[in-house]
2 protein chains.
Amino acid sequence: MAADNLPSSGNADFEKIDASFQMTVRDHVHRAMRSAIISGRFAPGQKINERHLAEQFGVSTTPIKEALRQLETEGLVEALPRRGVIIKFSSSWAEEMILARAALESMIAHLAAKRIDEKGRLELQSIAKHMKEATISGDPDSLITLNERFHDHIHRSSQCGYLAKLIERQQFYDASIRRVIHLDPTERQKALDEHVAIADAIAAGDADGAERTMRDHVVRSGDTYLSIIFKKEGEI
Amino acid sequence: MAADNLPSSGNADFEKIDASFQMTVRDHVHRAMRSAIISGRFAPGQKINERHLAEQFGVSTTPIKEALRQLETEGLVEALPRRGVIIKFSSSWAEEMILARAALESMIAHLAAKRIDEKGRLELQSIAKHMKEATISGDPDSLITLNERFHDHIHRSSQCGYLAKLIERQQFYDASIRRVIHLDPTERQKALDEHVAIADAIAAGDADGAERTMRDHVVRSGDTYLSIIFKKEGEI
DNA sequence: GTGTGAAACTTGATATATCAGATTTGAAAT
DNA sequence: ATTTCAAATCTGATATATCAAGTTTCACAC
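Residues numbered from 1 in each chain as written. Chains lettered and ligands numbered in written order. Predicted model: local features only at pLDDT ≥ 70, side-chain atom pairs only at ≥ 80, totals over all residues. Heavy atoms only, no water.

## Side note on the packing of aromatic side chains
Inclusion rule: Two rings from Phe, Tyr or Trp (for Trp, the six-membered ring) form a pair when their centres are within 6.5 Å of each other. A pair whose planes differ by under 30 degrees is stacked, one over 60 is edge-to-face, and the rest are tilted. Helix and strand definitions here come from DSSP, where helices need a minimum of 4 consecutive H or I residues and strands a minimum of 2 consecutive E residues; each element is numbered from the N-terminal end. To sort residues, take the accessible area from a 1.4 Å probe on protein chains only and compare it with the maximum for the residue type: under 20% means buried, over 50% means exposed, and anything in between is partly exposed. Whether a charge lies above a ring is judged from NZ of Lys or CZ of Arg, which has to be within 6 Å of the ring centre and within 35 degrees of the ring normal.
This model, assessed by the stated rule, comprises eight aromatic pairs over all chains. Seen in terms of ring centroids, W93 of chain A and Y162 of chain B are 5.5 Å apart; in terms of plane orientation they differ by 75°. Their pairing is edge-to-face. Of the two residues, W93 of chain A sits in helix α4 (residues 91-115) while Y162 of chain B sits in helix α7 (residues 161-168), which places them in two different chains. Overall, the relative accessible area of 11% leaves W93 of chain A in the buried class. Taking relative accessible area as the criterion, Y162 of chain B reaches 2% and is therefore assigned buried. Members of the aromatic cluster, each reached through a chain of ring pairs, are F172, Y173 and Y225 of chain A. Here the guanidinium or amino end of K88 of chain A rests over the ring plane of W93 of chain A, the centre of that ring lying 5.5 Å away.

## Thoughts on the protein's contact with DNA strand D
Using the following cut-off: We call a residue near a given molecule or strand whenever any one of its heavy atoms falls within 4 Å of it. Think of a polar contact as two N or O atoms within 3.5 Å of one another; within protein, one of them needs to be a possible hydrogen donor and the other a possible acceptor, and neighboring residues in sequence only count if both atoms come from side chains.
As a matter of local geometry, DNA strand D sits amid 21 residues, with V25, S60 and T62 of chain A together with R51 and K65 of chain B nearest to it. Looking at DNA strand D alone, sugar and phosphate atoms form 65% of those within 4 Å of the protein. The contact in question runs from a phosphate oxygen of DNA strand D to an N or O atom on the backbone of I48 of chain B, over 3.2 Å. Taking R51 of chain B, its side chain carries an N or O atom lying 2.7 Å from a base nitrogen of DNA strand D.

## A look at the pattern of salt bridges
Test applied: By definition, a salt bridge exists where a carboxyl oxygen of Asp or Glu is found within 4 Å of a side-chain nitrogen of Lys or Arg.
If you walk through the whole model with that rule in mind, you get 29 salt bridges over all chains. With its nearest N and O atoms 3.2 Å apart, the salt bridge here joins E123 of chain B to R149 of chain B. With E123 of chain B in helix α5 (residues 118-137) and R149 of chain B in helix α6 (residues 140-158), the pair connects residues that are 26 residues apart, well separated along the chain. Beyond isolated ion pairs, a larger network of salt bridges with shared partners links R26 and E66 of chain A together with R69 and E72 of chain B.

## Some words on empty space enclosed by the protein
Heads up, the rule is: Site definitions follow a grid-based scheme: protein atoms alone, a 1 Å grid, a 1.4 Å probe that fits but cannot get out for cavities, and for pockets an open set with protein on both sides within 12 Å along at least five of seven lines, plus lining residues having an atom within 4 Å of a point. Grid points are joined across faces, edges and corners, and a volume is the space filled by probe spheres set on the points. Nonpolar residues are Ala, Val, Leu, Ile, Met, Phe, Trp, Tyr, Cys and Pro. Charged residues are Asp, Glu, Lys and Arg, and all others, Gly as well, are polar.
Taken as a whole and assessed by the stated rule, the structure comprises nine cavities of 30 Å³ or more. In terms of lining, the largest cavity is formed by T73, E74, Y162, L166, R169 and Q170 of chain A together with T73, E74, Y162, L166, R169 and Q170 of chain B. Contributing elements (two or more residues each) for the lining of the largest cavity: α3 (61-74) and α7 (161-168) of chain A together with α3 (61-74) and α7 of chain B. Taken together, the residues that form the lining of the largest cavity break down as four nonpolar, four polar and four charged.

## Looking at the protein's contact with DNA strand C
Around DNA strand C sit 21 residues in total, of which R51 and K65 of chain A together with V25, S60 and T62 of chain B are the nearest. For DNA strand C, a phosphate oxygen lies 3.2 Å from a polar atom in the backbone of I48 of chain A. In this structure, E50 of chain A approaches DNA strand C through a main-chain N or O atom, which is 3.2 Å from a phosphate oxygen. Elements that contribute at least two residues to the surface near DNA strand C include exactly α2 (50-57) and α3 of chain A together with α1 (25-38) and α3 of chain B.

## What about the layout of surface pockets?
Residue and element names in this part refer to chain B. Approximately 1300 Å³ is the volume found for the second largest pocket. Along its surface, the second largest pocket is lined by 43 residues, and R34, K165, E168, R169 and Q171 are the ones closest to its centre. Looking at which element gives the most residues to the lining of the second largest pocket, the answer is α1, with seven residues. Partitioning the lining of the second largest pocket into residue classes produces 13 nonpolar, 13 polar and 17 charged.

## Description of the nonpolar core
Among soluble globular proteins, nonpolar side chains are generally buried collectively. Rule in force here: Put simply, buried Ala, Val, Leu, Ile, Met, Phe, Trp, Tyr and Cys residues joined by side-chain atoms within 4.5 Å make one nonpolar core. Pairs of residues are marked as contacts when any of their non-hydrogen atoms sit within 4.5 Å.
Counting residues in hydrophobic clusters, the biggest one holds 138 residues, and the most contacted among them are F89, F172 and I202 of chain A together with F89, F172 and I202 of chain B. In this view, F172 of chain B contacts I38, F89, A94, M97, I98, G222, Y225, L226 and I229 of chain B; residues no more than four positions away in its chain are not counted.

## Describing the relation of the copies chain B and chain A
Going by this rule: Least squares is the method for superposing the copies, and the C-alpha atoms it fits come from residues with pLDDT of at least 70 in both.
Mapping chain B onto chain A calls for a screw motion: a turn of 180° about the axis and a shift of 0.0 Å along it, with 0.1 Å RMSD after fitting. Here the two chains are linked by the operation of a two-fold rotation axis. A share of 92% of interface residues in chain B that are also interface residues in chain A marks the association as one of identical surfaces.

This is the structure:
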């Protein structure tokens, strides 16, 4: 309803527009290269030629160089001064990315348990409830979406911008692989149990419990991805 | 002109690049900018102009853009497509960098305790012994060097290349600040006790103990840095 | 066959030019 | 005074050119 307050200062609080809507060439190259690297389309140690890449993408070398700088900082390629960049990704690299994500995601879960408010608690439990339903019906697309919402919600509840951003960079698989995972009923059930345990711990304000369950979840599910992508078991 | 104090705002004036210096220009710019940002010579949210920066450094915009890409991936600046980059560093960002380092460094300590060999054990204890001596004599430069060797050694013992690299990017202070810290005898003693506890846990193969003591150490010493740099206490 | 080294070639690093989206400006309209 | 809107301007994004370090080639001497 129209409040009694002074005119202006509209009270329909909109979220900021996501500026990352707009696609730049360097972003496209960055994403494409990242995806290619983590799906193993480059051999570890393989040299990358800037001019060839630019030709393949049909662009100049400028955005290529920028994308390579991003990949370098992410740790997916290594730049040897005046010699070019080489691919720096293998199963052991992926294992460490899991560990990094486990460490960071459990830290953020710890903080979320401390900082979540009543509204957030309800929302979290609601997501968990929907997860139960989707697990039973077995809809993989729903599960993928819910899984994203679940972790995003925890990130927001922790009020940690930097950590959330850092975690995003520790993903070494993309949507297509996730779908495969969620097709397995056993895996679905495990993931659900873990998600419920995490949600309960966070909602109960049990920071240590949230930390522990989140860490176990990330490591275990990460190992599942590892074994599928690299056809072998990972270990902590 | 230039502000000497740490977390103030305003512009940072850089010396022109020494052309005879060998390192690549982008690397120089990256380091200089990183150092400028984490020592507060830019205000949070401040816009960065590529051309102005290029002029200050006396170089073209190409290496500037590359350095900015690196800073962006590190999370120290944010790039708004076609609008430029803004500084993304504040005390809260620094707090989160501590948490990230605590999470990662404790994970690596955990692994080091599991993977360290006899030679590594002896070397670790040797470093700890030297630390005791340097703490007593109170030589700050020695302590800084030893501190670096200590953590480096743990990183190597963990056999984790990716994690070690990731940790390096979570430092938000540089050598000059460290010196200040090590001048305080109380701080020196605390750091020593923690280092000894970490070394003992790792040498004993106590992974959980190593993890816990490392985490406590990083958080506590990080808070000390926070309080000095931002003149206020940090909290977990 | 092995080693040397200079020329030819490759390619990353840097500089400069061009393009296009974003912001500012200012005059006209209300 | 406020709004509108298009021209002027700024500036990031991209393309192209140039430079110099690194690599390869190959004739030549041993």
